[in-house]
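Now for the letters of each chain:
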Amino acid sequence: MSDIIQLLPDHVANQIAAGEVVQRPASVVKELLENAIDASATSIKLLLKDAGKTLIQVIDDGKGMSATDARMCFERHATSKIKKAEDLFNLCTKGFRGEALASIAAIAHVELKTKQEDEDVGTSIKIEGSKVISQDFISTSKGTSIAVKNLFYNIPARRNFLKSDTVETRHIIDEFQRVALAHPTIAFLLHHNNNEVYHLKSSNLRQRIVAVFGTKMNEKLVPIDEKTDIVNIHGFVAKPEFSKRKRGEQFFFVNDRFIKSAYLNHAVISAFDGLLEQGSHPSYFLYLNVPTNTIDINIHPTKTEIKFDNEKALYAMLRATVKHSLGQYNVAPVLDFNRDSNLDTPYHFNTNSIKTSSPKITVDPDFNPFKEVEQKEIRFPYKREQTTQSWESLYTSTSNSDENQEELFSSQQETKTQKTFQIQRKYVMSLIKSGVVLIHQSMAHQRILYEEFLESITVKEANSQQLLFPVKISFSSQEIEMIYTIKSELENAGFSFDEFTKDSVTIKGIPVSVTESKITIILEELLNDMNLEVPDASFSHFDVMAKSFAKTLCIKTGTQLSEKEQESLVNNLFSCKEPSISPFGKATFKTLTLNEIDNLFNS
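If you're wondering where the values come from, they're calculated on a predicted model, not measured in any experiment.

1. A word on a negative patch on the surface
Side chains of Glu117, Asp118, Glu119 and Asp120 sit close together on the surface and give a patch of like negative charge. Locating glutamate 119 in the fold gives a position in the loop between strand S3 (109-115) and strand S4 (122-128).

What follows is the structure, given as structure tokens:
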């Protein structure tokens, strides 16, 4: 029997590795930016075309590479970061596997230009699908420039799986923000289709956060700073009143590496216990520095997951630190409103620097607990009549009021029978000939609003109400770009815009069914829904907008409805084209026939 196991060719192995390392253009951006940081760059430029599908170019002023290193860096498992297995538990660099450049070169056209500071000339290498096309000496500046063109050109299926340019650009900006926030001292520049998106100068952490997320972020931040033997924690959390309906502005960095951790996120959320509205999420930018031998980074291809030696201790310290900071900066509520501010424990407690004085005691020498206090009789200028139940009784004598009320009540029962009832402020029960219909008021209202918005956006022009004073709302530059891409759809829905800037948008008109107080909530929810990777179709934006508006503006569970509102809800629901399901596929009502009700008691 012949042997059947054989070694895969290098180009095939590289493409397999690319399936894990390079999932989309944002993956390439992450790897190239991290390589530039490992090269000790002080300024990094990122140039994009067509959301990275046509071009991703990273230019840095780092150490550069020799001619030999420039050729070797595209080989599998070729790296300067580690030399032996023990180095995996003492990592001080972003990369260490040596797979990124080999994987990228296997699925794109790559052009590398690099030069070291003490060299007279640099090196230029062109690679297509793992094959070296040319290698020459060139005149170039110190540092490295690597251009990745036509990503997935030789894997059409992978290219077809990519989302729309809007979605892919958002993923790239997410990766860019994570790297930029982890290294505030490095200057970053981001251009997309020759338009400047970010121009971040070297700064401190607070200035970098404000530069990325807009000037309004400055007033929201509460500083965090704690040093222990196990972990050093610093950064910022946002005040509870600025919490959002989405989880976008939540960042954990461990040793300047962005990570995702549901466990640590729960520690932060628990520190905000009692300070947040239901469904709201706090923003935070937290940086943890731990000994390198207490973590394992090599457990996931994207390196966004880390294994800690002492997760429980980190959880407790992180929760206590955030809670302490919220209390120290008077964010958390206190019970003693007339307290002496000198008695507050400062964040960095130092007994030598704090001097407290004895509390002053004031005594009223004329106080006599046995002195009688004159009590004046309170007289009303008129005699209060008993509250009546109906307007007719105001014109009858008081002696006959009870009889009149009974007659009125009986007449009302004869002329009108209530057909709807609200149950636990969540369901509306309506009587029908065959039994009863139980309607979920929130789901039903979502369906009603969804069809109304979809019709107004796509079929007829929506009515818009002009605001007396235009409303200016602050967003990050990424969110502003997303709003601008759907500006025409929003205008069809009834919004009217006055001005767009890099960090704000001014609204002068809103749909008739929207109140001014809900403008920010609606747009935030819409942006969050737009991030759900919708296919690039003209109708999809309309559908997402209608669903988002319906979800935000619908009647919530716990809302008391009048009898007229209940009847209106029932009538409008059964006037819809698809009354049985909500826009999100959940049932809006259930029917119970008399036979089914009888069986409940006969079983």
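2. Structural notes on the pattern of salt bridges
Under the definition given, this model contains 9 salt bridges. Across the pair lysine 53 and aspartate 165 runs a salt bridge whose closest N-O atoms are separated by 3.0 Å. You can see lysine 53 sitting in the loop between strand S1 (43-49) and strand S2 (55-60) and its partner aspartate 165 sitting in helix H6 (residues 165-182), a full 112 residues away along the chain. A residue is classified by how much of its surface remains accessible, and lysine 53, at 15% relative accessible area, is buried. Taking the relative accessible area as the measure of exposure, aspartate 165 reaches 34% and is therefore partly exposed. The partner of arginine 170 in a salt bridge is aspartate 174, and the shortest N-O contact between them spans 3.4 Å. Here arginine 170 pairs with aspartate 174, and both are found in helix H6, just 4 residues apart, close to one helical turn. Taken as a pair, arginine 170 and aspartate 174 share a single burial class, namely buried. Here the salt bridges share partners, and the residues they tie into one network are Glu111, Lys113 and Lys149.

3. Re the pairing of strand S11 (residues 250-254)
Most of S11 is tucked away, with 5 of its 5 residues classed as buried. Side-chain alternation along S11 places Gln250, Phe252 and Val254 on one buried face and Phe251 and Phe253 on a second face that is also buried. Examined bridge by bridge, S11 and strand S13 (residues 284-289) share 5 bridges and lie parallel to one another. Pairing of valine 254 across the sheet is with leucine 288, part of S13.

4. Structural notes on the side chain of serine 280
Relative to the elements of secondary structure, serine 280 occurs in the loop between helix H8 (262-271) and S13. The exposure class assigned to serine 280 is buried, which follows from its relative accessible area of 11%. Every residue in contact with serine 280, bar those within four places of it in the chain, is listed here: Ser243, Lys244 and Arg245.

5. A short note on the pairing of strand S20 (residues 496-500)
Relative to strand S21 (residues 504-511), S20 runs antiparallel, the two being bridged by 4 bridges. Across the sheet, phenylalanine 497 pairs through a bridge with isoleucine 507, a residue of S21. Adjacent in sequence and paired antiparallel, S20 and S21 are bridged by 3 residues.

About the criteria used
Residues numbered from 1 in each chain as written. Predicted model: local features only at pLDDT ≥ 70, side-chain atom pairs only at ≥ 80, totals over all residues. Heavy atoms only, no water. Patch = residues over 30% accessible without salt bridge, like charges linked within 9 Å, V, L, I, M, F, W, Y side chains within 5 Å. Areas by Shrake-Rupley, 256 points an atom, 1.4 Å probe, with all protein chains shown as cover. Salt bridge = Lys/Arg side-chain N within 4 Å of Asp/Glu carboxyl O. Lys, Arg positive; Asp, Glu negative; His and termini not counted. Charge placed at Lys NZ, Arg CZ, Asp CG, Glu CD. Helix = DSSP H or I, 4+ residues; strand = E, 2+ residues; numbered from the N terminus. Buried < 20%, exposed > 50% of the residue type's maximum accessible area, 1.4 Å probe, protein only. Pairing = 2+ DSSP bridges. Contact = heavy atoms within 4.5 Å.

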